[in-house]
Amino acid sequence: MKLVAAKVPISTVWTEPDAPREVDAPATAAQPDVAAWAKSMDVESRLGLHGRTLSQLLFAEPVLVRSEREGWSEIVAPWQPSSGDPLGYPGWVPSSHLGELPGSATDPVAVMVPTAPLLAEPAVGAPLMTLSFGTVLASVEQADGYTRVATPDGGSGWLANDVLRSAAEPSTPEDRLRLGGQFLGLEYLWGGTSAYGLDCSGLTHAVSRVLGLRIPRDAHDQADTLENIPIEEARPGDLYFFARPGKEVHHVGFVSPTGMLHASETGKRLEDAPLPDERRTTLVAAARF
C-alpha cells in the first residue's frame, strides 16, 4: 500500500468503480464539481446514491491505496475511523483525484466556514480552488492576515486567517452547535461530508474534525466509540443516537436547546428542531465528547 492525499477539493468515495451513474459525472471528473453535481440532483437521484456512495475525502486528506483498476483506486481513509476496516474508511475513488502527500509542516488548521478560497498569494488574484468546511491543512507561515498552507504534490497556497481554526484550540459544546448551524437548510446528501451536502454522521464527523477531534465516520461506530451517557443527562452539544428494535444505530444528531441539530434524511434539509414522536421512539443512546 502507498500513502497519498486527495488533491481535489472534494472526492466522493464509491462502493465500486462501476457505482457512479451518468448524473454523477461532475463528481467523478478529473476536476470534480461537487457543487454542480449536488445542484443537478432531484430527490429521486439522491435516493439512488444509497448503496453507491460511502463518504467523501477533502483536500489534502491522507489515504492509503490498496489497489488500482482502470483509472480507479481502492483506498482506506485513516482520518475516518470505521469498524469496516482497522486502517480507516474503505472505498473507491478516481485515481486522478489523488496526489503526493503535502510536505511536512506544523500546526494543523481547519476551514471553519462553509467554503473558502485558496489563493496563490495573500489577497491576490483568482482562487486556485475553493475548499470546503472541514478541510484540514498544515500551516507553514503567517503574513498580513493570511496563512500559507502545504498542499499535495509539493505545492502551497494561502487562506485568510478568519476562515481558519487551529486544531489545537480548545472547543466547547457551543462551538459544535455554532459550526453545525452554518448548514441549516442544506439538502441531505447520502455519504456527504462537505459544504455541498451532508448526511447525519457526516455532519457530526466534519464538525468534530474542525475542532481537532477524530471520531468515526458512521453513526453506529460513533455510538460504539464515544463516551455514552444516560439520555436524560444529555446537554446541548452532546449527541443523540437512534436505532430501530434489534437494529444497529442508523441516525445521529447534536443535542440542541431546541431539540436536535441534524441532517435528517434524503429529501429533507438540515434542521434544528424539536424531536418528533417518531424520533423519540427510536432514541436509544446519548454520548459526550
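Here the structure is a predicted model, which means the values were calculated and not measured.

Engineer: Hey, could you run me through helix α4 (residues 173-181) in this one?
Structural biologist: Structurally, the α-helix is built with 3.6 residues per turn, so residues lying three or four positions apart point the same way. Among the residues of α4, D175, R176, L177, L179 and G180 are the ones counted as buried. Of the surrounding elements, those touching the buried residues of α4 are β14 (164-166), α5 (200-210), β19 (251-255) and β20 (260-262).

Engineer: Can you walk me through the packing of α4 against α5 in this structure?
Structural biologist: Helix packing for two helices is described by the angle between their axes and how far apart those axes are. Between α4 and α5, the least distance of the axes is 10 Å, while the angle of their chain directions is 120 degrees. Taken together, the axis directions place α4 and α5 in an arrangement best described as oblique. With respect to the hand of their crossing, α4 and α5 are arranged in right-handed fashion. Side by side, α4 and α5 meet where R176, L179 and G180 of the first sit next to L203, V207 and V210 of the second. For the contact of α4 with α5, the class distribution of residues is four nonpolar, one polar and one charged.

Engineer: I would appreciate a short explanation of empty space enclosed by the protein in the present structure.
Structural biologist: Regions of empty space are outlined by a rolling probe, equal in size to a water molecule, passed over the atoms. In total, this model carries one cavity of 30 Å³ or more according to the counting rule given. Size it by volume and the largest cavity reaches roughly 30 Å³. Lining the largest cavity are Q56, L58, E61, Q80, T193, H205, A206 and R209. Looking at the lining of the largest cavity, the elements with two or more residues in it are β3 (53-58) and α5. Looking at the lining of the largest cavity element by element, the count peaks at three residues for α5. When its residues are assigned to classes, the lining of the largest cavity shows two nonpolar, four polar and two charged.

Engineer: When you look at the pairing of strand β4 (residues 62-69) in this model, what are you seeing that I'm missing?
Structural biologist: As judged from the four bridges shared by strand β1 (residues 2-6) and β4, these two strands associate in the antiparallel manner. Within β4, the position partnered with A5 by the bridge is P62. In the sheet, β4 pairs with strand β5 (residues 72-77) via five bridges, with the strands oriented antiparallel. Within β5, the residue paired with L64 across the bridge is V76. Where β4 folds back onto β5 in an antiparallel hairpin, the turn is made up of two residues, including E70, whose phi is positive at roughly 50 degrees.

Engineer: What am I meant to see in the pairing of strand β2 (residues 10-14) here?
Structural biologist: Consecutive side chains of a regular strand alternate in pointing toward one face of the sheet and then the other. Counting buried positions over the five residues of β2 gives five, a clear majority of the element. Both β2 and β3 contribute to a ladder of five bridges, which runs antiparallel. Looking across to β3, one finds that W14 is bridged to T53.

Engineer: Would you explain the sheet that holds strand β8 (residues 106-111) in this entry?
Structural biologist: The strands that make up a sheet are held in pairs by hydrogen bonds between backbone atoms, and each pair lies either parallel or antiparallel. The strand order β13-β12-β11-β8-β14 describes an open sheet built from five strands, whose pairing is antiparallel. Of all strands in the sheet, those bounded by a partner on one side alone are β13 (155-160) and β14. Mean inter-strand twist for the sheet, computed between neighbouring axes without regard to direction, equals 45 degrees. Here strand β12 (residues 146-151) runs beside β13; their pairing, made up of six bridges, is antiparallel. Of the residues in β13, the one forming a bridge with R148 is W158.

Engineer: Can you walk me through the layout of surface pockets in this structure?
Structural biologist: Taken as a whole, the largest pocket encloses approximately 540 Å³ of empty space. Around the largest pocket sit 23 residues that line it, and Y188, W190, D199, C200 and H250 are the ones nearest its centre. Considered class by class, the residues forming the lining of the largest pocket number seven nonpolar, nine polar and seven charged.

Cut-off values and rules
- Counting of residues starts from 1 at the beginning of each chain's written sequence and follows it residue by residue.
- The predicted origin of the model limits local features to residues at a pLDDT of at least 70 and limits the giving and counting of side-chain atom pairs to 80 or more, whereas totals for whole chains, interfaces and linings rest on all residues.
- Where side-chain values are given, they derive from all heavy atoms of the structure, hydrogens and water being excluded.
- Categorising residues by exposure relies on relative accessible area from a 1.4 Å probe, with only protein chains included: less than 20% of the type maximum marks a residue as buried, more than 50% marks it as exposed, and the intermediate range marks it as partly exposed.
- Strands are runs of DSSP state E lasting at least two residues, helices are runs of H or I lasting at least four, and both sets are numbered from the N terminus onward.
- Note on contacts: a residue pair is in contact if any heavy atoms of the two residues lie within 4.5 Å.
- Structural elements are reduced to axes, namely lines fitted to C-alpha atoms, with helices fitted over the stretch in contact, and the angle between N-to-C directions of any two is expressed from 0 to 180 degrees.
- The labels follow the angle: roughly parallel below 35 degrees, roughly antiparallel above 145, roughly perpendicular from 65 to 115, and oblique for the rest.
- Crossings are sorted by hand: turned counterclockwise from the far helix by less than a right angle, the near helix makes the crossing left-handed, and turned clockwise it makes it right-handed.
- Residues are sorted three ways: Asp, Glu, Lys and Arg are charged, Ala, Val, Leu, Ile, Met, Phe, Trp, Tyr, Cys and Pro are nonpolar, and all the rest, Gly among them, are polar.
- In this analysis a 1.4 Å probe is tested at points of a 1 Å grid over the protein atoms alone, and where it fits but cannot get out there is a cavity; an open set with protein on both sides within 12 Å along at least five of seven lines is a pocket; lining residues have an atom within 4 Å of a point.
- Grid points are joined across faces, edges and corners, and a volume is the space filled by probe spheres set on the points.
- Here the rule is simple: two strands pair whenever DSSP picks up at least two bridges between them.

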